[in-house]
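This is what each chain is made of:
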Amino acid sequence: MKFIIIMFSLFAFAIPASSAGFFTSVESRADAMNEQLGDKNDYHANLARELADIAVEEKAQHDTSVAKAFMSMAEEHAAQSGGAK
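Residues numbered from 1 in each chain as written. Predicted model: local features only at pLDDT ≥ 70, side-chain atom pairs only at ≥ 80, totals over all residues. Heavy atoms only, no water.

Enquirer: Whenever I open this one, helix 4 (residues 64–81) confuses me. Can you help?
Expert: Note: α-helices contain 3.6 residues per turn, so residues at a spacing of three or four share the same orientation. Counted at 1.5 Å a residue, the expected span for helix 4 with its 18 residues is 26 Å, and the 25 Å between its end C-alpha atoms agrees. Looking at helix 4, one finds that the buried residues are A67, M71, A74, H77, A78 and S81. For helix 4, the angular spread of the buried residues around the axis is 125°, confining them to a single face. For helix 4, the secondary structure elements touched by its buried residues are helix 2 (26–37) and helix 3 (43–60). Once helix 4 ends, the next one or two residues include G82, with phi positive near 95°. (Helix = DSSP H or I, 4+ residues; strand = E, 2+ residues; numbered from the N terminus. Expected span 1.5 Å × (residues − 1). Buried < 20%, exposed > 50% of the residue type's maximum accessible area, 1.4 Å probe, protein only. Arc of directions from axis to C-beta. Contact = heavy atoms within 4.5 Å.)

What follows is the structure in structure tokens.
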């Protein structure tokens, strides 16, 4: 009985960590932003790319809240560059 409870609780806590299918992934948001920025090479475009890379790295380390925060900052700077909405 203990084994079933432990396995169920591990499965329940693993679902939010994967975050697949619940919302748009950080990777797809970064890809869309990079596509919209195109060849822009100004300060805000470069900063947006760097922040998006950091967001993807944080997501790979299963820190989704930090990844979302970095991705939001990246999208803000992309918008200031005129590349993303």
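From this point, the discussion proceeds with the structure in view.
Enquirer: Would you mind going over unusual backbone geometry with me for this structure?
Expert: Leaving glycine aside, a negative phi is the common case for residues, and trans is the common case for peptide bonds. Unlike most non-glycine residues, H62 shows phi in positive territory, near 65°. Relative to the helices and strands, H62 resides in the loop between helix 3 and helix 4.

Enquirer: Would you explain the packing of helix 2 against helix 3 in this entry?
Expert: When two helices pack together, their arrangement is given by the angle between the helix axes and by the axis-to-axis distance. Helix 3 packs onto helix 2 with a crossing angle of 165° between their chain directions and a minimal axis gap of 9 Å. Put simply, helix 2 runs roughly antiparallel to helix 3. Crossing hand, helix 2 versus helix 3: left-handed. Touching V26, E27, A30, M33, N34 and L37 of helix 2 are A45, A48, R49, A52, A55, V56 and K59, all from helix 3. For the contact of helix 2 with helix 3, a count of residues per class yields 9 nonpolar, 1 polar and 3 charged. (Axes fitted to C-alpha atoms, helices over the stretch in contact; angles between N-to-C directions. Parallel < 35°, antiparallel > 145°, perpendicular 65-115°, else oblique. Left-handed = near helix turned anticlockwise from the far one by under 90°. Nonpolar A, V, L, I, M, F, W, Y, C, P; charged D, E, K, R; others polar.)

Enquirer: What is the right way to look at the nonpolar core in this model?
Expert: Formed by 13 residues in total, the largest nonpolar core has its most connected members in M33, L37, A52, M71 and A74. Broken down by secondary-structure element, the contributors of at least two residues to this core are helix 2, helix 3 and helix 4. The leading source of residues in this core is helix 3, at 5 residues. (Core = buried A, V, L, I, M, F, W, Y, C linked by side-chain atoms within 4.5 Å.)

Enquirer: Please explain helix 3 as it appears in this structure.
Expert: End to end, helix 3 covers 26 Å across 18 residues, agreeing with the expected 26 Å (1.5 Å per residue, within 8%). One or two positions beyond helix 3, positive phi appears at H62, with a value near 65°.

Enquirer: How should the environment of N41 be read in this particular structure?
Expert: Checked against the element boundaries, N41 lands in the loop between helix 2 and helix 3. Residues N41 and S81, 40 residues apart in the sequence, show an inter-C-alpha distance of 9.2 Å. Of note is the side chain of N41, whose polar atom sits 3.3 Å from the side chain of N46. (Polar contact = N/O pair within 3.5 Å; in protein donor to acceptor, adjacent residues only side chain to side chain.)

Geometric values such as these leave the question of function open.
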